[in-house]
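# Coordinates in review
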Amino acid sequence: MAPAAPGQAPAHWGPPPTALPFAPRPGNGMAVAALVLGVLGVVLALPLVLFWVSWLPALLAVVFGSVGIGMGRKGRARGKGMALAGVLLGGVGLLAAIAGGFFVVALAQKVDDEARVRTEKAKSSAEAERKARHPSFGGSYTFGNGLKVTVAQPQPFVPDAYVLGHAKGNKAVQVTVKVVNTGTERVEIETGLPSVNDADGASTELVIDGSGRQKVLKGYVLPGREVVGRYAFSLPPDAADRMEVEFTPDAKRWKRAYWSGPTGLTGK
């Protein structure tokens, strides 16, 4: 320090200057991150099915925004409003994610319920079809081509002297099959021969004699018309007292239907 000139007071150096009271505060990285994550969480939550993706950025927006608000209150950083916006957007994103989760669960439950209802209906329909395909003698079943078939209660049959398929001591029955065309177009009967089994599953043999009483169903059935087939079958002496008749007008297209009931030979 230079000596003061004669007659002048010595120079006085004050303390070093301090920081200005209005110096700018540092930026708030937490607030920026909260705002970006909040916007991302809301955008991802708009399609509700993405709830499993949107919840994480929304939650981080709330966390970072809360930290940013705290820093702003303590004067350590700017952007308190930005941090608050991030918290709000994050909250909206979280609510949307929760709503999306409920929506997806409800949708999955609805789809599962509908699938179960369809399965139950299919089972019920299959069971109803199975029962319809197994009528008792005298009952009817309508095939997909519109042919309504009725098998009457079997009746005792006495073959004449010239007979094939009927052994001595056997019991013979006559099976009558009536077919009505309920449709609007003629329908051909491709396989008009029924098969017969007793209740124990034993097959019977077709009886052919010279009486001319048997008639095989074959050919076309016109709309609204009916045709009748008559067949004789031979049952062994120990055959069960119940029997089953299987018939289909077209084995290539339609499954067989089954008529069952007493043989009609009780006491014979």
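Residues numbered from 1 in each chain as written. Predicted model: local features only at pLDDT ≥ 70, side-chain atom pairs only at ≥ 80, totals over all residues. Heavy atoms only, no water.

### Structural notes on the overall build of the protein chain
- Secondary structure summary: the protein chain contains three helices and 12 strands in total.
- Once local pairs closer than 6 in sequence are excluded, the contacts in the protein chain between residues at least 24 apart make up 72%.
- Just so you have it, the protein chain exposes about 16,600 Å², and 62% of that area is on carbon and sulfur atoms. (Helix = DSSP H or I, 4+ residues; strand = E, 2+ residues; numbered from the N terminus. Contact = heavy atoms within 4.5 Å. Areas by Shrake-Rupley, 256 points an atom, 1.4 Å probe, with all protein chains shown as cover.)

### Section: the pattern of salt bridges
- In total, this model carries five salt bridges according to the counting rule given.
- A salt bridge links R130 to E127; its shortest N-O distance comes to 3.1 Å. Separated by three residues within a single helix, R130 and E127 lie in helix α3 (residues 80–132), roughly one turn from each other.
- With a relative accessible area of 42%, R130 lands in the partly exposed category.
- The closest approach of N and O atoms between D209 and R213, which form a salt bridge, is 3.3 Å.
- Taking the relative accessible area as the measure of exposure, D209 reaches 12% and is therefore buried.
- One salt-bridge network, held together by shared partners, links D112, D113 and R116. (Salt bridge = Lys/Arg side-chain N within 4 Å of Asp/Glu carboxyl O. Buried < 20%, exposed > 50% of the residue type's maximum accessible area, 1.4 Å probe, protein only.)

### Here's the deal with the sheet that holds strand β11 (residues 242–247)
- The antiparallel open sheet is built from three strands, whose spatial order is β7-β11-β12. With one partner strand each, in any of the chains shown, β7 (195–198) and β12 (257–262) form the two edges of the open sheet. Across the sheet, the mean angle from the axis of one strand to that of its neighbour is 20 degrees, orientation sign disregarded.
- In this structure, β7 lies alongside β11, joined through four bridges in antiparallel fashion. The partner of N197 across the bridge, within β11, is E244. (Pairing = 2+ DSSP bridges. Axes fitted to C-alpha atoms, helices over the stretch in contact; angles between N-to-C directions.)

### Looking at the nonpolar core
- Counting residues in each nonpolar core, the largest one holds 25 residues, and the members touching the most others are V175, V177, V179 and W259.
- Of all the elements, strand β5 (residues 171–181) adds the most residues to this core, at four residues. (Core = buried A, V, L, I, M, F, W, Y, C linked by side-chain atoms within 4.5 Å.)

### Concerning the packing of aromatic side chains
- Enumeration according to the criterion identifies one aromatic pair in this entry.
- Ring geometry for Y141 versus F143: centroids 4.9 Å apart, planes at 90 degrees, classification edge-to-face. In this structure, Y141 and F143 share a single accessibility class: buried.
- If you follow R186 out to its NZ or CZ, it ends over the ring of Y220, 3.9 Å from the centre. (Phe/Tyr/Trp six-rings, centres within 6.5 Å; stacked < 30°, edge-to-face > 60°. Lys NZ or Arg CZ within 6 Å of the ring centre and 35° of its normal.)

### As for the confidence of the model for the protein chain
- The predicted model of the protein chain has a mean per-residue pLDDT of 83, with 85% of residues at 70 or higher.
- Segment residues 19–23: pLDDT under 50, and zero contacts once partners within four positions in sequence are set aside and those in other chains are kept. (pLDDT = per-residue confidence, 0-100.)

### A closer look at the side chain of E246
- Among the structural elements, E246 can be located in strand β11.
- In this structure E246 is buried but unpaired, with R256 as the nearest side chain of opposite charge at 4.1 Å.
- Within the structure, the side chain of E246 is placed 3.2 Å from the side chain of N197, a separation counted as a polar contact.
- E246 has contacts with P194, S195, N197, R256, A257 and Y258, leaving out every residue within four places of it along the chain. (Lys, Arg positive; Asp, Glu negative; His and termini not counted. Polar contact = N/O pair within 3.5 Å; in protein donor to acceptor, adjacent residues only side chain to side chain.)

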